[in-house]
Amino acid sequence: MTTETTAEVTGIDNRPALETYELGLGQLEQPLVGKAIELIWREGQLLDDKKYEEWQTLYTADGKYIIPVDPDTQDFESSLNMVYDDARMRHMRVTRLVQGYSMSAVAAARTSRTISRFTVEDVTEDTVTLRSAQVLVGFKRDKFQVLGADLTHRIRFDGDDARIEFKLIRLVNSDAAVNASGFLL
């Protein structure tokens, strides 16, 4: 029986080279971006406080509020959506939540949402498009419900006035059974 000595093997590193990434706020430092983030946080606070009538005033007259079923769709008008609201539909939804008897409004859930992980998608002279993540905890009838979502907001500026022109909510579990929430996302 003979024993052979193993030759030294040089490892091959085939991982892609690391890209240089400069830490810092980048586009988040732009004044309009900061104002847009502040508006998104304000929207979340109004929703958690159930100030739905005030919430709907944050939108432009032609603003859209969309929750698609298909997690990858870009064609919201031709796709199945849980919510596809323009100003009229948002108003009807708010009316159901604040007036009269509605299953979604009876003992409405208390909510607390965290919106973070902001990334800038686009900045023009009068709009800012941001993506973010939302974790929402709802509590109703002694039960907790946790929903995660990727958000896209397009904020339109007219001087010092900022309004939501577009809000897209891509629920993490949108293509599964989603229970009625009794609150706005």
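Heads up: these notes are all about the structure in this document. (Residues numbered from 1 in each chain as written. Predicted model: local features only at pLDDT ≥ 70, side-chain atom pairs only at ≥ 80, totals over all residues. Heavy atoms only, no water.)

## Here's the deal with the sheet that holds strand 4 (residues 127–140)
Spatial ordering of the open sheet is given by 2-1-6-5-4-3, a layout of 6 strands whose pairing is mixed. In the strand order of this sheet, the two ends are held by strand 2 (81–85) and strand 3 (110–123), each with one partner. Averaged over all pairs of adjacent strands, the angle between their axes in this sheet comes to 20 degrees, without regard to strand direction. Bridge count for strand 5 (residues 143–158) against strand 6 (residues 161–171) is 10 bridges, and the pairing is antiparallel. Bridge pairing in strand 6 links isoleucine 155 to isoleucine 164. Relative to strand 3, helix 1 (residues 31–48) is tilted by about 160 degrees, and along the sheet it contacts strand 1 (59–68), strand 3, strand 4, strand 5 and strand 6. Contacts from helix 3 (residues 87–98) reach strand 1 and strand 2 within the one sheet, and its direction differs from that of strand 1 by about 70 degrees. (Pairing = 2+ DSSP bridges. Helix = DSSP H or I, 4+ residues; strand = E, 2+ residues; numbered from the N terminus. Axes fitted to C-alpha atoms, helices over the stretch in contact; angles between N-to-C directions. Contact = heavy atoms within 4.5 Å.)

## What to know about the packing of aromatic side chains
Remark: the centre distance and the inter-plane angle together describe each pair of aromatic rings, the angle taken between the planes. Applying the stated criterion across every chain, the model contains 6 aromatic pairs. Between the aromatic rings of tryptophan 41 and phenylalanine 118, the centroid separation amounts to 5.8 Å while the plane-to-plane angle is 80 degrees, which identifies the pairing as edge-to-face. Highlighted residues: tryptophan 41 in helix 1 and phenylalanine 118 in strand 3, separated in sequence by 77 residues. Their ring planes at 75 degrees and their centres at 5.4 Å tell us that tryptophan 55 and tyrosine 65 sit as a pair that is edge-to-face. (Phe/Tyr/Trp six-rings, centres within 6.5 Å; stacked < 30°, edge-to-face > 60°.)

## So, the environment of isoleucine 37
Here isoleucine 37 lies in helix 1. Among the residues examined, isoleucine 37 registers a relative accessible area of 10% and is labelled buried. Put simply, isoleucine 37 and isoleucine 115 are 78 residues apart on the chain and 9.5 Å apart in space, counted from C-alpha to C-alpha. Not counting chain neighbours up to four residues away, the residues in contact with isoleucine 37 comprise Leu28, Phe118 and Leu130. (Buried < 20%, exposed > 50% of the residue type's maximum accessible area, 1.4 Å probe, protein only.)

## What to know about the pairing of strand 3
Regular strands place their side chains on alternate faces of the sheet. Pairing analysis gives 11 bridges linking strand 3 to strand 4, with the strands arranged antiparallel. Its bridge partner being in strand 4, threonine 114 is matched across the sheet by valine 135. If you look at the hairpin formed by strand 3 and strand 4, you'll find 3 residues sitting between the two strands.

## Focus on helix 1
Two residues of an α-helix separated by three or four positions point the same way, owing to the 3.6 residues in each turn. Over its 18 residues, helix 1 extends 26 Å from the first C-alpha to the last, a length consistent with the 26 Å expected when each residue adds 1.5 Å. Those residues of helix 1 lying buried are Val33, Ala36, Ile37, Leu39, Ile40, Glu43, Gly44, Leu46, Leu47 and Asp48. Tucked into the core, helix 1 has its buried residues touching helix 2 (52–56), strand 1, strand 3, strand 4, strand 5 and strand 6. Backbone geometry just after helix 1 places lysine 50 at a positive phi near 60 degrees. (Expected span 1.5 Å × (residues − 1).)

## Notes on the nonpolar core
The biggest cluster of nonpolar side chains holds 35 residues, and the ones touching the most others in it are Trp55, Tyr65, Leu130, Ile155, Ile169 and Leu185. At the level of elements, helix 1, helix 2, strand 1, helix 3, strand 3, strand 4, strand 5 and strand 6 are the ones that each hand at least two residues to this core. The greatest single-element share of this core, amounting to 7 residues, is contributed by helix 1. Look past the residues within four positions of leucine 130 in its chain and what remains in contact with it is Val33, Ala36, Ile37, Ile40, Phe118, Thr119, Val120, Glu121, Leu151, Thr152 and His153. (Core = buried A, V, L, I, M, F, W, Y, C linked by side-chain atoms within 4.5 Å.)

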